[in-house]
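Coordinate analysis (summary)
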There are 2 protein chains.
Amino acid sequence: MTDVRVVGVGMTRFGKFPDLSPRQMVAEVVDAALADARMEAERIEAVYVSNVFAASLTGQESVRGQVWLDGTPLAGVPVFNVENACASGSSAVALGRTAVVAGEAENVLVLGVEKMTHPEKGRALRAMEGAMDQERLPRLRRSLGLEEGQGSPFMQVYAEYARAYMERSGATQEDFARAASKNHAHGALNPRAQFRDRLSVEEVLAARPVTGPLTVPMCAPIGDGAAAAVLTGSPATEAMSRSVRLLSSVVGSGVRGRPELVVAETARRAFERAGIEPGDIDVLEVHDAASPAEFIVLEELGLAGPGEAPAMIRAGDTTIGGRVPVNPSGGLVSKGHPLGATGLAQIFELVEQLRGEAGARQVEGARIAVAENAGGYLGPEPAAAAVTVLAR
Amino acid sequence: MTDVRVVGVGMTRFGKFPDLSPRQMVAEVVDAALADARMEAERIEAVYVSNVFAASLTGQESVRGQVWLDGTPLAGVPVFNVENACASGSSAVALGRTAVVAGEAENVLVLGVEKMTHPEKGRALRAMEGAMDQERLPRLRRSLGLEEGQGSPFMQVYAEYARAYMERSGATQEDFARAASKNHAHGALNPRAQFRDRLSVEEVLAARPVTGPLTVPMCAPIGDGAAAAVLTGSPATEAMSRSVRLLSSVVGSGVRGRPELVVAETARRAFERAGIEPGDIDVLEVHDAASPAEFIVLEELGLAGPGEAPAMIRAGDTTIGGRVPVNPSGGLVSKGHPLGATGLAQIFELVEQLRGEAGARQVEGARIAVAENAGGYLGPEPAAAAVTVLAR
């Protein structure tokens, strides 16, 4: 089996950049990732591009990658445009890795970009309904008590998850605030994070309520950004000494029949392919589009037993310096969540961690790292989940 | 290297079906392809889904495959949503094949679906602009002499190709009409074709003009449809005796720098990987979104020398019964062109041909078959090209 490695990464700062186009953000991360990989553009044989909302928000459909790469040194390289809602970035990584394993390409670049700020306020929130089943949307809105055009129902969905989790685990709103506060503290150390202010548990609790137990700092913001990674199957690459092994990259889809298992089952397969156990993980990036998801995912991944995540977070185990730091980047709530870029941004963070180049956020001695990325909603579960295992 | 085979195919009739949803068309072709493969749904490990315009035309974004497969026997199978404009279907085939080669899946299903009919007339034509560079669209419209909102500029682009080709080859409008007439005669034999009327060369010439040398029967229509294929790397599959080898499936992107070579170069790589020469091809499906493209592609693929395609078509070489039948299915102008389904529909036709199951359209003794699929426009060339080689 080919040993696939990440030899270079690049990432813009995440945030609201009304004047930056996807094209500009793509150019920035392509240059950064190639420079980091010390690789000539000519050696890249394919590009996998993750984006979710360009069609809805800008009218740019179907050949987005080709359009945005035009004018970069990667113009002319075969492009695959990939979507899986918020899990699009990881899905693109999985496809790029597969091409290298198959021997169809020696070096590929995987790219995620999202432009969510829009002159028309609320437009991105409405676009999010596109990641739900359109035929069932009216029924879904009713069941969530939402009016049409009231914006994205995703935070309502997360509030439902939160309420169910509180019931079965005894977790409190304060627990969720504690995770949010921890991630904002992590994000304060991340120069690429959208938010860089520390927030106390009390400040998170006192912030503007969104819905259910969620307040604003517990929810991922609207933002823009891009991230990229260069994958290689060639042992001769110049940047190999700083490279990171991409042990597995597995995508699952959650639809009716066995929806409640989608994240757990995807993680089980990713760990099995990588030959690791949950206890081996040194550092973790999880998809906390809302803070309660961090608790649920820790249990789904087997890092905490049922109902044990709140105690783990309370004990500081998931804080940088703790037993298994979770979201050292700040996570989605602090680093930001430009949808198509999020999966790649998780890889960016974990590569920096495994190289020992994460600066103030460094998880000492990290050797095995995992990213969990999820997206879309079919009711009652995510439509796509992705788990990636990296190692030094 | 794993021997990848197509063991089952399914396809709806193409046409205008205002009352059919993508979900219904998907259910039909999933059932048909699995039945044809004599395979239980449980054995499919991943699904690659090609669609272009659901976001623009229905608001269904990003997790389209998961939504449409929900309720089918493939609910719960990992899904990758893939886009490359009109070449999306072939791009999905390439990704599915790669997964089998990499050993990540033994059996995958590749699916293309498009719903273009829309209650609002002209909506699908306008959506097509999404497959062009949005930032350059105003300039492109000006250079083509188009007003904003006048519909898709794609036929203007094909008319430009046609004029340039006429100049360098001496081809005439009558030549293009001859290819269209030939394809409509082929389509008349295809129960799944959108149009099933024979049209004489004179009738094609006398039909309503579209732009430049193009008349309506020389242009692919708006339509709905779906097609699917089951790929396997397992030699134990029950349907193996009727299976077809998928020798290569290569995707190229045409952007500035070397745009004029995108189809030729993609074909060269596909033929090299498959170990064939242009002269080995027994039957061919090409992307005749407008009839002049058939001439240009025959030359790009090396089946005709520069400027020789008109003589080849005039001699009947590309008609069923001729030396190298081209578009026995009727091609895009007669069979139809529901964008995301087109690449898979080409595979459907060629699998039937290689099995000897194409009935009145049968190309006798066909052993090696090639599909050429192209899509999007960056100016001056397609943004994506895909060439697939199949063999008995």
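Above this note sits the structure.
Just so we're clear, the structure is a prediction, and the values are computed from it rather than from any experiment. (Residues numbered from 1 in each chain as written. Chains lettered and ligands numbered in written order. Predicted model: local features only at pLDDT ≥ 70, side-chain atom pairs only at ≥ 80, totals over all residues. Heavy atoms only, no water.)

Counting its secondary structure elements, chain A contains 14 helices and 11 strands. For chain A, whose C-alpha radius of gyration is 19 Å, the value lies close to the compact-globule estimate of 21 Å for 392 residues. A burial count over chain A gives 69% of its 392 residues as buried. The long-range fraction of contacts in chain A, counting pairs at least 24 apart against all pairs at least 6 apart in sequence, stands at 75%. Accessible surface, chain A: about 12800 Å² in total, of which carbon and sulfur atoms supply 49%. (Helix = DSSP H or I, 4+ residues; strand = E, 2+ residues; numbered from the N terminus. Rg over C-alpha atoms; globule rule 2.2 N^0.38 Å. Buried < 20%, exposed > 50% of the residue type's maximum accessible area, 1.4 Å probe, protein only. Contact = heavy atoms within 4.5 Å. Areas by Shrake-Rupley, 256 points an atom, 1.4 Å probe, with all protein chains shown as cover.)

What follows concerns the packing of aromatic side chains. Residue and element names in this part refer to chain A. All chains considered together, the criterion is met by eight aromatic pairs over all chains. Pairing Y158 with Y161 gives two aromatic rings, centres 5.6 Å apart and planes at 85°, and the pair type is edge-to-face. Within this pair, Y158 and its partner Y161 are both found in helix α7 (residues 154-169), separated by three residues, close to a single helical turn. Among the residues examined, Y158 registers a relative accessible area of 12% and is labelled buried. The class of Y161 is buried, set by a relative accessible area of 18%. Grouped by ring-pair contacts, the aromatic residues Y165, F176 and F295 constitute a single cluster. (Phe/Tyr/Trp six-rings, centres within 6.5 Å; stacked < 30°, edge-to-face > 60°.)

In this section: unusual backbone geometry. Residues and elements named next belong to chain B. Positioned with a positive phi, R38 is a non-glycine residue whose angle comes to about 50°. Mapped onto the elements, R38 comes out in the loop between α1 (22-37) and β2 (46-50). Positive phi, close to 50°, is recorded for A85, a residue that is not glycine. By the element assignment, A85 lies in the loop between β3 (79-83) and α4 (88-101).

Tallying each qualifying case throughout the model produces 48 salt bridges over all chains. With a shortest N-O distance of 3.1 Å, R242 of chain B and E357 of chain B are connected by a salt bridge. Of this pair, R242 of chain B sits in the loop between β7 (224-232) and β8 (244-253) while E357 of chain B sits in the loop between α14 (339-355) and β10 (368-375), and the two are 115 residues apart along the sequence. The exposure class assigned to R242 of chain B is partly exposed, which follows from its relative accessible area of 22%. Given the relative accessible area of 35%, E357 of chain B is considered partly exposed. Through salt bridges with shared partners, one network takes in E61, R64 and E83 of chain A together with E61, R64 and E83 of chain B. (Salt bridge = Lys/Arg side-chain N within 4 Å of Asp/Glu carboxyl O.)

Let us look at the interface of chain B and chain A. Put simply, an interface is often sized by how much accessible area is lost when its parts join up. Chain B puts 57 residues into the contact, and the matching count from chain A is 57 residues. Carbon and sulfur atoms make up 47% of the surface buried where chain B meets chain A, a total of about 4600 Å² over both sides. Our enumeration of links across chain B and chain A arrives at eight salt bridges. In this structure, R23 of chain A engages D133 of chain B in a salt bridge whose closest nitrogen and oxygen atoms are separated by 2.8 Å. For the pair chain B and chain A, the number of links is 36 residue pairs in polar contact (both at pLDDT 80 or more). Those elements that provide at least two residues to the side of chain B that touches chain A are α2 (54-58), α3 (64-69), β3, α4, β8 and α10 (262-274) of chain B. Counting residues per element, the side of chain B that touches chain A draws most heavily on α4 of chain B, at seven residues. Taken together, the residues that form the side of chain B that touches chain A break down as 25 nonpolar, 18 polar and 14 charged. The sheet contact formed by strand β3 (residues 79-83) of chain A and β3 of chain B spans three bridges and is antiparallel. Each bridged residue has a counterpart across the sheet, and for E83 of chain A the counterpart in β3 of chain B is N81 of chain B. (Buried area = accessible area lost by both parts, 1.4 Å probe. Polar contact = N/O pair within 3.5 Å; in protein donor to acceptor, adjacent residues only side chain to side chain. Nonpolar A, V, L, I, M, F, W, Y, C, P; charged D, E, K, R; others polar. Pairing = 2+ DSSP bridges.)

Let us look at helix α4 (residues 88-101) of chain A. Counted at 1.5 Å a residue, the expected span for α4 of chain A with its 14 residues is 20 Å, and the 20 Å between its end C-alpha atoms agrees. Just beyond α4 of chain A, the residue with positive phi is G103 of chain A, at close to 80°. (Expected span 1.5 Å × (residues − 1).)

Residue and element names in this part refer to chain A. Note on placement: M312 falls in helix α12 (residues 309-314). On the accessibility criterion, M312 (5% relative accessible area) is buried. As a C-alpha pair, M312 and F295 span 17 residues in sequence and 9.2 Å in three-dimensional space. Apart from residues lying up to four places away in sequence, M312 is in contact with L298, L303, A304, D317, T318, R323 and V324.

A word on the relation of the copies chain B and chain A. Structural alignment of chain B on chain A gives an RMSD of 0.0 Å, achieved by rotating through 180° and translating 0.0 Å along the axis. The two molecules are tied by a two-fold rotation axis, judged by turn and shift. Closest approach to the rotation axis within chain B is made by the C-alpha atom of A102 of chain B, at a distance of 2.0 Å. (Least-squares fit on C-alpha atoms with pLDDT ≥ 70 in both.)

Let us look at the packing of helix α8 (residues 173-187) of chain A against helix α11 (residues 292-300) of chain A. Residue and element names in this part refer to chain A. Contact pair α8 / α11: the axes reach a minimum separation of 8 Å and the direction vectors enclose 95°. Taken together, the axis directions place α8 and α11 in an arrangement best described as roughly perpendicular. Where α8 abuts α11, its residues D175, F176, A179, K182 and N183 lie against P292, E294 and F295. Grouping the constituent residues of the contact of α8 with α11 by class yields four nonpolar, one polar and three charged. (Axes fitted to C-alpha atoms, helices over the stretch in contact; angles between N-to-C directions. Parallel < 35°, antiparallel > 145°, perpendicular 65-115°, else oblique.)

All names here are of chain A. Buried residues dominate strand β10 (residues 368-375), accounting for eight of its eight residues. The alternating pattern of β10 places I368, V370, E372 and A374 and A369, A371, N373 and G375 on opposite faces, both of which are buried. With three bridges connecting them, strand β9 (residues 283-285) and β10 associate as parallel partners. When the sheet's bridge partners are listed, V283 is paired in β10 with A369. Pairing analysis gives eight bridges linking β10 to strand β11 (residues 384-391), with the strands arranged antiparallel. Looking across to β11, one finds that A369 is bridged to L390.

All names here are of chain A. Their axes nearest at 5 Å, the elements α4 and helix α14 (residues 339-355) cross at an angle of 65°. Here G89, S90 and V93 of α4 lie close against α14, whose contacting residues are G340, G343, L344, Q346 and I347. Among the residues forming the contact of α4 with α14, the class breakdown is three nonpolar, five polar and no charged.

Turning our eyes to something else, we now look at the pairing of strand β11 (residues 384-391) of chain B. All names here are of chain B. Counting buried positions over the eight residues of β11 gives eight, a clear majority of the element. Note that β8 and β11 share eight bridges and pair antiparallel. Across the sheet, residue V250 finds its bridge partner in β11, namely V387.

Here we take up the environment of P278 of chain B. Residue and element names in this part refer to chain B. By the secondary structure assignment, P278 is in the loop between α10 and β9 (283-285). A residue is classified by how much of its surface remains accessible, and P278, at 23% relative accessible area, is partly exposed. On a C-alpha basis, the gap between P278 and G170 in space is 24 Å, while along the polypeptide they are 108 residues apart. The residues contacting P278, other than those within four sequence positions of it, are F271, L301, G302 and L303.

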